[in-house]
Structure formats: C-alpha cells, structure tokens
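# Chain and residue survey
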Amino acid sequence: MSDVLTAEVLRNALVVAAEEASIVVVRSAYSTFIVEGSDASAAVLDARGRLIAHSMATTLMNSMALKVALPELVRDVPLETMRPGDVYVLNDAYRGGVHTNDLLVYRPVFVEDRPAYFAATMIHVSDLGGLSAGGMAPLATDIFLEGLQLPPVRLATSAGLEPAVEAILRANSRTPDKVMGDVRALVAGTAVAAARVGALVAEYGAAGLASGIDDYLDYTEARTRTALADLPEGRFEASYPIDDDGISPEKSHDVRVAITLERHSSDGGRVEPQAPEMRAVVDFAGTGAQVPAAINASASQSLAAAVFAVRCFLDPTIPMNDGCLRAIEVRLPEGSLLNARSPYPCGGRYVPIYAAMEAIFQALSDAVPERAIAPSGILQPFSIAAVGAPYWIHLSYDFGGVGARRGLDGPDATGVHFGIGRNSVPQAEPVESRCPLIVESIETIPDSGGPGRHRGGLGSRTVYRFLADCHVTTRGDRLRLAPPGRDGGLPGRVGGFFKRHLDGTVERLASKVNNVRFAAGEAFVVETTGGGGMGSPYERDREAVLADLDAGHVTERGAQEDYGLTR
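Residues numbered from 1 in each chain as written. Predicted model: local features only at pLDDT ≥ 70, side-chain atom pairs only at ≥ 80, totals over all residues. Heavy atoms only, no water.

## Things to note about the sheet that holds strand 1 (residues 41-46)
On the basis of which strands lie adjacent, the open sheet formed by 7 strands has the order 2-1-5-4-3-6-7 and antiparallel pairing. For this open sheet the edge positions go to strand 2 (51-54) and strand 7 (160-161), each flanked by a neighbour on one side alone. Sheet topology note: the strand 3 (residues 87-90)/strand 4 (residues 102-111) ladder contains 3 bridges and is antiparallel. Bridging from a neighbouring strand, Leu90 pairs with Leu104 of strand 4. Sitting on the sheet, helix 4 (residues 163-171) is in contact with strand 6 (153-157) and strand 7, with an inclination near 115 degrees to strand 6. (Pairing = 2+ DSSP bridges. Helix = DSSP H or I, 4+ residues; strand = E, 2+ residues; numbered from the N terminus. Contact = heavy atoms within 4.5 Å. Axes fitted to C-alpha atoms, helices over the stretch in contact; angles between N-to-C directions.)

## Concerning the confidence of the model for the chain
Do not read the fine detail of predicted coordinates wherever pLDDT is low. For the chain, per-residue confidence averages 93 on the pLDDT scale, and 95% of positions sit at 70 or higher. This stretch, residues 268-275, has a pLDDT under 50; its non-local contacts, to residues over four places away or in other chains, come to 9 contacts. (pLDDT = per-residue confidence, 0-100.)

## Quick look at the packing of aromatic side chains
Here the distance between the centres and the angle between the planes together describe a pair of aromatic rings. What the rule picks out here adds up to 10 aromatic pairs. Where Phe382 meets Tyr464, the ring centres are 5.6 Å apart and the plane angle is 65 degrees; that geometry is what we call edge-to-face. On the criterion of sequence distance, the pair formed by Phe382 in strand 12 (residues 380-386) and Tyr464 in strand 15 (residues 460-466) is long-range, its members being 82 residues apart. An identical accessibility class is assigned to Phe382 and Tyr464; each is buried. (Phe/Tyr/Trp six-rings, centres within 6.5 Å; stacked < 30°, edge-to-face > 60°. Buried < 20%, exposed > 50% of the residue type's maximum accessible area, 1.4 Å probe, protein only.)

## A look at the sheet that holds strand 13 (residues 393-398)
If you walk across this open sheet you meet the 4 strands as 13-12-16-19, and the pairing is antiparallel. Sheet topology places strand 13 and strand 19 (512-518) at the edges, where each strand pairs with a single neighbour. Ignoring strand direction, the axes of neighbouring strands in this sheet form an average angle of 15 degrees. Pairing geometry for strand 12 and strand 13, over 6 bridges, is antiparallel. Along strand 13, the bridge assignment pairs Ala385 with Ile393.

Structure below.
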C-alpha cells in the first residue's frame, strides 16, 4: 500500500503525462484553431474506465467524453484482442462522444501483456463533412447532416495509420490534408502519454502504481464529500431557458434541475448525522424532450456540465478525477435535450449544457447565498469558411460577460469557462495570416453588463472584414432572452450576430444560421451578451460608478439611467 506522499507524486506525474500529450497535439496539429487556440485535450484512464488524470488546461467536456466512451470502445474491441502499437478512434455522440468533428483517440498501455491503462487525446478536427465547413450545422435536423460518424475502429498499428480509415476520413473532408495532420497529431499525443505511463510502471511496479492510483482516487472522493458536507442539506430546484432551436425562432426550451444534497449510506439509505457520507444528486427530470434541431447534447457532455457546475461551489483545489465523480450522481433522462438518442443531432451541445450549468448555478445560489452568482452571457460559436475549393476555415467563438457574484462585479467578456480549458480566442494576426480577412476591432461594449449593486461583466464586440467571398455559420444563444439579474439586479444586454453591408447598413442575423454568404468587403460583427447584475443598482457605491465611467465600462447615459448618477 503506497503512502500519501507517493500517491500525490503519482497523481502529479500522471497529470503531467496528460498535459505533455495535449501540448504535443497542439504543436503538431494543422488546423488553425488548434494551433493558435490550443484547443486540445488529453487524459489517462485505466482499463476499468476510470478517469485517472487529465491535462491541467483541458476542457472537462472532452475528458468526460474520453471517460464515457472508453467502455464503448472495449465493448466493441475486447482488451485481449488489442496489441502494442494499436490506436483506436471514435466520434459517436450516442456512445460517449461529443459531435462528429471531435475525434476521440485511444492507445492501450500494456502491463504484463494486457492493456491496463489508456492514453487518450481529443480535438475538434477541421472538417468531417456535414451541412457547413468546420463542423457547425446549426440547422441540422438529424445527426446525418452533421458529418461523418465513426464507431470504435482501429486507427493505427505499430506500422502506421490504417490506410482504409485514412481513405474514409479524407473522402469525407473538405480539408483532407489538415484533417490527416490533425489525426497524426492525436496519435503522436497518445504515444507520448503512453510512454510516460510506461515509465511509471517501470519505476513503481505494476502493483505500486495501481495502489497509488487507488489511494489518490479515494483521497479525491473523501475531499469531495467533505466539501459537500459544508453545503446545506436539502432539495434545490431551478430552470433556465434556451432562446430557440433555430428551426422555430420564437419557441424557447427549458432545462430543469433538482439538486439534492444529502447524507447517505453505501446502500443508498439515510444515516444519522454523526456518520455522514455526503453526496449530491443532480436530477434533470422535467427537462424538455430532444428535438430535431441542433440544441441537444450527448450524455457525456451533460454529465461534464453538471459536475463542473457543482464543483464551482466546492473547494477549487480538489483534483478532478474519478474519485470526484463517486460523490456526484447525475441523472439524465434518456431522450431529453441533455441525453439525445439517434438520430437527433448533438452538434449544438453548448446550448443545452450551458443552460444546464446555469440552472445548477442558480439552484446552488439559492442553497448558498453567500456564494451566489447571477446568470451570465455565454460563448457564441461561429465559423467562417470559403464558399468553394480550395477551402479555408476559421472556427471561433467570442465570450460573454459573467454574472455578478456576491460582493464582486462579474468579469468582462470571459464567459463561464466550462467548455474552454486552455484554449482561447486566437490572436488576430495569426488568423489574418491564414484566412482572407481583417480583424478590424475587438472591444468590450459599454453598458452591456447588467446594472446592480455589483455589475455584470461586459460583453464584447468583434468585427471581421472579409477580403474574399465566404460563408458564415453561427450557433448562438442568450441573444434573445437576456441573462436576468439576482436580488434586484438587472439583466445583461443581449448581443447578436450582424452583417455590415458594403453601403454601411447593418443587418441582424438570427442566432443560428447556416452558410450565410458574405461578399468581399462586407463585415461580420459578433456582439456577446453581458452578465446579469446582483442587488439594486441604486445601492452601487458612487465611487464604483465613477470608476466605471472613467474606464468606459458605462456611459454617461448608462450612469444616469441605470444608476441615477449625474455629475
């Protein structure tokens, strides 16, 4: 049995192995958003499907997908049939995946001639078909319109990539060379992580490594339950709306959650307070049914959203691994917006899972008012692509303002960083060098944060002027229904997507549009939504309002109308 220090050393070594793998993917990939935005994830799992470690800057969306999909891989490809050097891939959203452009890649790590661990990597490759280049299909009515689906298949052996799989990927991509560059980067990342895990086996022995992993997973579980014990017992409910599904622009949809914080015994029964073992049960019963539109999510993505949102109210130093998951039970009704089944599309998963996160934030804000947060503006994804071959693609998103928190203003234009991890909006210069466009301006929007005693974070405005004809695709939300304030705070200002014509007139686009044609010289304007305020704006400190005026966060009109301040 390893000691606590050895377990912690092993935990960090495995995290570093995953982190190194993700860095290798970023530095080896071909797609602009991966290279410039560092959009890559890596994880180490064991053959039982436990999430042992993931790269520090990864998105929980991706590492949870890697966890949920691994048993599906092993179900199709039994462990005893795997060989050293084999690498596997899948993207099936109904079997743990995310959507068609996100490839999940696994390499088994052998201990005593049997796979004991898996090194895994994942990125959004540049293009795998579908309604629009880049993998965004906001008006898809079934999964088949979103792109190529891959069940678990062998991607490579010790001799290299499987020629048949490479041929299939190339035949289904508008950018085959970039996709295959991305795939090779994914494979390279798994090789690095697998080598690091193998070195740990050699150093500590198979039993020593396994014992250390068990110890630190147990430690994480204990810390998570202790943190949950600091929250009040009870049942807390909330809901949050989705603007629309893109097909019926005026019809909103709801995500509902009930969170039960309770003491329980190992058999699920209630126990006396002197022997607490706390858990959180996150139940999304009552959430809207899946729809033939791109506002559904796969189960892995909704699980990730729920775990992330609960963890936001716990000790932030608790590691994220399988031990944490033992203390948080998530119930996702099958056939709902949060657990779609075939053939319902899953590419628009950000929309429902952000609503799920917000519902949890508001429920737990009721439970723990001293940690409350008002609703936020969220990221607004979009793609810009050539209208024909040779294809170029720019995938991106801009961030909304975060809701005000108890005692603090919301951060400006950062969104709630659930889906983001390390990656951020790529810098203007690299994008301009790779795509025929100019980033004219990037700025925060005055008065966009919800007024309150504590102000919501500001949204942002980015203007892209095109040097060639192109298609723009968007998949936004919280652009019609503003994030409300809390405790007397006011809503944030909604953003939107806009087309600036050659004559200077500006046209508002729907939040979810597919392949809108822009001519060279026209501009695409992305405005994100501000976060909600907290507390009455008339209770805001005068000096804080004056400081906002000086910094350009509010205008003279906003200071007068929203805060009653004149000078």
